[in-house]
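A structural walkthrough
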Amino acid sequence: MTVLWIKSLHIIFMVTWMAAIFYLPRLFVYHVQAINENDPKGDARFKIMERKLFWGIMTPGAIFTIVFGAWLWLGYGITGKWMMWKLLLVLTLVVHHVLCFVHLRAFREGRNTRSEKYFRVMNELPVFALFGIVFLVVLKPT
Ligand code: HEM
């Protein structure tokens, strides 16, 4: 496979990962509302949606983005100082991913204590990482 094929796959899986990263905390917002409104059917439905999004889209998206990214970096030697900053930002996305899992499990076990507002704020944070990463890979300022 040529480098452009790998890069295309890297971008495709990155979009998949980001779509889920921006949608899962939003589902948590609606899930909190369903619980506060004593809606057991809504609660059950959100648990299924969250599980499928996390395991069916978000986690495979993360794994394949990282696999193809690592292939570009190590396999083709595309590297630089910008790459180190990018990796740092990718690490914050991985931490966000793990945090999503922690909340998913809390909802599944009916012991979420976080508010709607908390998940709204959580939803905004990865935006900064995405801006930083795209500017770094495209502009390569360092
Ligand atoms: C461990 C994780 C990752 C590694 C090792 C990695 C590595 C790389 C490398 C080496 C390139 C090629 C750059 C070039 O051709 O100049 C690349 C391209 C790219 N990466 Fe990543 N990446 C990772 C994760 C991500 C993430 C999480 C995002 C976005 C949220 C992302 C977005 C992009 C984009 C948009 C490009 C295309 C840039 C272009 O061709 O102009 N990468 N990545």
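The structure reproduced in this document is the subject of the present report. (Residues numbered from 1 in each chain as written. Predicted model: local features only at pLDDT ≥ 70, side-chain atom pairs only at ≥ 80, totals over all residues. Heavy atoms only, no water.)

This brings us to the site of the ligand. Surrounding the ligand, one finds 23 residues, the nearest of these being K7, H10, M14, K86 and K140. One nitrogen or oxygen atom from the side chain of K7 is found 2.7 Å from an oxygen atom belonging to the ligand. Within the contact set of the ligand, a nitrogen atom lies 2.8 Å away from a side-chain nitrogen or oxygen of H10. The site holding the ligand turns out to be the largest pocket. Among the secondary structure elements, those contributing two or more residues to the shell around the ligand are α1 (3–36), α2 (40–75), α3 (81–108) and α4 (116–139). For the shell around the ligand, a count of residues per class yields 17 nonpolar, three polar and three charged. (Near = heavy atom within 4 Å. Polar contact = N/O pair within 3.5 Å; in protein donor to acceptor, adjacent residues only side chain to side chain. 1 Å grid on protein atoms, 1.4 Å probe; cavity = no way out; pocket = protein on both sides within 12 Å on 5 of 7 lines; lining within 4 Å. Sits in = over half its atoms within 2 Å of the grid points. Helix = DSSP H or I, 4+ residues; strand = E, 2+ residues; numbered from the N terminus. Nonpolar A, V, L, I, M, F, W, Y, C, P; charged D, E, K, R; others polar.)

In this structure the tally under the stated criterion is four salt bridges. K47 serves as the salt-bridge partner of D43, at 3.7 Å between the closest nitrogen and oxygen. Highlighted residues: D43 and K47, both in helix α2, separated by four residues, approximately one helical turn. Among the ionic pairs, R111 bridges to E109, the shortest N-O distance being 2.8 Å. With relative accessibility at 43%, the residue R111 sits in the partly exposed group. (Salt bridge = Lys/Arg side-chain N within 4 Å of Asp/Glu carboxyl O. Buried < 20%, exposed > 50% of the residue type's maximum accessible area, 1.4 Å probe, protein only.)

Here α2 contains 36 residues, and its C-alpha end-to-end distance of 50 Å stays within 8% of the 52 Å for a straight helix at 1.5 Å per residue. At F54, α2 shows its maximal bend, which comes to roughly 35°. At the C-terminal side of α2, G77 shows a positive phi close to 65°. (Expected span 1.5 Å × (residues − 1). Bend = angle between axes of the 7 residues up to and from the residue.)

Ideal geometry at a metal gives 109.5 degrees between four tetrahedral donors and either 90 or 180 degrees between six octahedral ones. Surrounding the iron atom of the ligand are the protein donor atoms H10 (NE2) and K86 (NZ), at 1.7 to 2.0 Å. Metal-centred angles of 85 to 178° between the six donor atoms at the iron atom of the ligand mark the site as octahedral. With H10 in helix α1 and K86 in helix α3, this residue pair connects regions lying 76 residues apart in the sequence. Taken individually, H10 and K86 each receive the classification buried, so the pair is uniform in this respect. (Donors = N, O, S within 2.8 Å, 3.2 Å for Na, K, Ca; no water. Tetrahedral: all angles 85-135°; square planar, octahedral: opposite > 155°, others 65-115°.)

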